[in-house]
Each structure stands twice: as structure tokens, then as C-alpha cells.
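Structural overview for review
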Amino acid sequence: MTAHLIAVLTIAAIYSLLTLGLNLQYGMTGIINFGHVGFFCVGAYASALLTVKGWPPVAGFALAAVLAGACAWPLGLVSLRLRDDYFAIVSLGFSEIVRLVVTSEGWLTGGVQGVAGVPKLFAGLGPSAGVALLAALVVVNLLAALALLRIARSPFGRVIEAIRDNEDAVKALGKDPARFKMQSLALGAALAGVSGAFYAHYIGYISPDQFTPLVTFQIWMALVMGGVGRVWGAVLGAGLLMALLEGSRFLRDVAPFISEVSMASVRLGAVGLLLILFTLYRPQGLVGDEARK
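Presented here is a report on the structure given in the accompanying data block. (Residues numbered from 1 in each chain as written. Predicted model: local features only at pLDDT ≥ 70, side-chain atom pairs only at ≥ 80, totals over all residues. Heavy atoms only, no water.)

**What to know about the overall build of the chain**
Put simply, the test is: Helix and strand definitions follow DSSP, with helices as H or I runs of at least four residues and strands as E runs of at least two, each counted in order from the N terminus. Based on C-alpha atoms, the radius of gyration is set beside the globule rule, defined as 2.2 Å times the residue count to the power 0.38. For every accessible area listed, the method is Shrake-Rupley and the probe measures 1.4 Å; residues are considered covered only by the protein chains on display. For the charge count, each Lys or Arg is scored as positive and each Asp or Glu as negative, with His and the chain ends excluded. To locate a charge, take NZ of a lysine, CZ of an arginine, CG of an aspartate or CD of a glutamate.
For the chain, the count of helices and strands is 13 helices and two strands. For 293 residues, the compact-globule formula gives about 19 Å, and the C-alpha radius of gyration of the chain, at 19 Å, lands near that figure. For the chain, the spread of C-alpha atoms along the principal axes amounts to about 55 × 45 × 35 Å. Of the accessible surface of the chain, which amounts to about 14000 Å², a share of 70% is contributed by carbon and sulfur atoms. The positive charge centre, built from 20 side chains, and the negative charge centre, built from 15, are 6 Å apart in the chain.

Laid out in C-alpha cells, this is it:
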């Protein structure tokens, strides 16, 4: 039971980092990014491929953050000058391109077989490795949240929030919104890359089918439930998302007449219904206020 709880909390902490990155992009800047899982995938493969060749995990994490942020830059150059809805479509296409690349370039990524034998973090600690990894994730989440709070209070943070609220007014003041949006996109992507590195080292095996658009929309669910634009809301939203996903596993006990095959669809429908109810009755999120509905 304890091992299962640690596993759930670990995935929740990984998703929390992903949600913090999306919160910077959408919650603070107003960038509608439907391709967040693409940066998650880049980070996971970057760290996995480097460390299986004998490099230390620190180098893998650094490469994951840098490469994910670098991938965001050309994406921003191409599409951030478009309207928000067009960028959402382009970003979704970007994530699918990343998945197709890691599927087809088997000489580098292992293709559909994926990458096995990714070194586990803190493996030398034996049974305590899971607790140590969870503690490391908590620390990284705390540092990321504090960094985002500092950004929000900085001149850069005030500009990106102004872009979110009224981009035309920012242009009228002589600022270049595209430059600030690209920086925000790259920073959020770097966080997603670090999250992907943690995921790869935790699971120990990665393959393309782990990085589908469903992951992106689960992170959007976490952000909406926690509170858009709220740093701590992103963390709490990720925790609530995992509670819903794990709690739905017990539906089989309530409805034993539903087959195992059908239960996956029922669980997805139950989580979707809860999200609809949540947005109807608490649209501002867990830590939002009434003025930000």
C-alpha cells in the first residue's frame, strides 16, 4: 500500500511540473498550447538516450531542459504571430510530429520498441530509492513554484500578464509581445522537459505511445481545476487530477457487472463528468477567486 501511494504521489509530482510549465504559458501569458506533451517527450528521450550511453543523470536533465526549450523557440517564431486559435492547432501538430519522429527514427530512439534500461535515480539507496525520488520531485516543484512566483512579481511577469489581458495595449506601449511570448513558451517547455526526464528515469522505459495528446489534455484538466494563472493552483490541480484518475479505479467495486474492457471507457467518462461539474460549480478553480471566473 505504501509503495502504491509513493508511486501515485511521484506521478502527481511529475504532472505538477508539467502543469506549472503550462501555467506559465497559458495562465500567465495566455498562450493556448495543445502540444505540451511534445516538450515532455523531448525531455524524456533526451535524458534517456544520454544516460543509457553512460552519461550522468545531471547531464541528462540539463540536456532535457535545454533541448525542450530550444524546440519551443522555432515553434514560437513560426506561429506565435498567428491568432491564439491557430497557434493551438500548430502546437498540437508539433506534438504529433515529435511523436512521429521518435517512432520513425529507430536508429536513434528505438522506434516503437522504445528505450529500455534508463538508469533509475537513487538506485543505490535500495528500498528507499522511491522515497528519495519523491523528495527530489517535491524540492524541484517547490523551486519551480517559487521561481514562477518571482517571475509573476517581476517586470517580465507584469508584461506577460498584460499580454494575456490585452495584447493590443501592450503593442501600443511599444513592447513586442511576440518576443515575450516566445520567452514564456521556452521557459514553460524547459519545465516540461525536466518533467519528462524525471518520468523517463522513474519508469525506466519510454516509448512513443506514452506521449499521446491525452497527456496534454490531462494537464489542461489539472490547470483548470487548480486555477488558471495560480501557481499553487497548478500544483493542487495536478494532485486532484491524480486523485480522480486513481479514485476511478474503484468504480469496478461499485459496478462489478461492467467488464474490464469497458471499464477504461467508463473511467474516462466519469473523470470527464467530474471535470464538467467542477467547471460548472467552481470555474475559478481550487484556489481562484470569484473575480477571476
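**A look at helix H11 (residues 231-247)**
Stated precisely, the cut-off is as follows: Take the number of residues in a helix, subtract one, and multiply by 1.5 Å to get its expected span. Accessibility here uses a 1.4 Å probe with only protein chains present; expressed as a share of the type maximum, an area under 20% marks a residue as buried, one over 50% as exposed, and anything in between as partly exposed.
Compared with the 24 Å implied by 1.5 Å per residue over 17 residues, the 25 Å span of H11 between its first and last C-alpha is a close match. Those residues of H11 lying buried are Val231, Gly233, Ala234, Gly237, Ala238, Leu241, Met242, Leu244, Leu245 and Glu246.

**As for the side chain of Ser47**
Here is the rule: We call two residues in contact whenever any of their non-hydrogen atoms come within 4.5 Å of each other.
One can find Ser47 in helix H2 (residues 36-51). If we ignore the near neighbours within four places in the chain, the residues touching Ser47 are Gly60, Phe61, Ala64, Ala197 and His201.

**A look at the nonpolar core**
Here is the rule: By nonpolar core is meant a set of buried Ala, Val, Leu, Ile, Met, Phe, Trp, Tyr and Cys residues that side-chain atoms within 4.5 Å join together.
With 76 residues, the main nonpolar core has Tyr15, Phe198, Ile206 and Phe211 as its most contacted residues. Leave out the neighbours within four places in its chain, and Phe211 touches Val37, Phe40, Cys41, Ala44, Tyr45, Arg99, Tyr199 and Ile206.

**Here we look at the pattern of salt bridges**
Where side chains of opposite charge bring their charged atoms close, a pairing between them can arise. Which entries qualify depends on this criterion: The working definition used for a salt bridge is a side-chain nitrogen of Lys or Arg within 4 Å of a carboxyl oxygen of Asp or Glu.
Under the definition given, this model contains three salt bridges. The partner of Lys181 in a salt bridge is Glu167, with the nearest N and O atoms 3.4 Å apart. Of this pair, Lys181 sits in helix H9 (residues 177-203) while Glu167 sits in helix H8 (residues 167-172); the two residues are 14 residues apart in sequence, bridging distant segments of the chain. Assessed through its relative accessible area of 3%, Lys181 is described here as buried.

**Focus: the packing of aromatic side chains**
Selection criterion: The aromatic pairing rule takes the rings of Phe, Tyr and Trp, using the six-membered ring of Trp, and pairs them if the centres are within 6.5 Å, calling planes under 30 degrees apart stacked, those over 60 edge-to-face and the rest tilted.
Applying the stated criterion to the full structure yields 10 aromatic pairs. Here the aromatic rings of Tyr199 and Phe211 are separated by 6.1 Å at their centres, their planes lie at 75°, and the arrangement is edge-to-face. Residue Tyr199 is located in helix H9, and its partner Phe211 is located in the loop between strand S2 (205-206) and helix H10 (213-226); the two are separated by 12 residues in the primary sequence. We classify Phe211 as buried; its relative accessible area is 1%.

**Remarks on the environment of Ala238**
Within the secondary structure layout, Ala238 lies in helix H11. What makes Ala238 buried here is its relative accessible area of 0%. For Ala238 and Met221, which are 17 residues apart along the polypeptide, the C-alpha to C-alpha distance reads 8.4 Å. Those residues within four positions of Ala238 in sequence are excluded, and the remaining contacts are Ala12, Tyr15, Ser16, Thr19 and Ala222.

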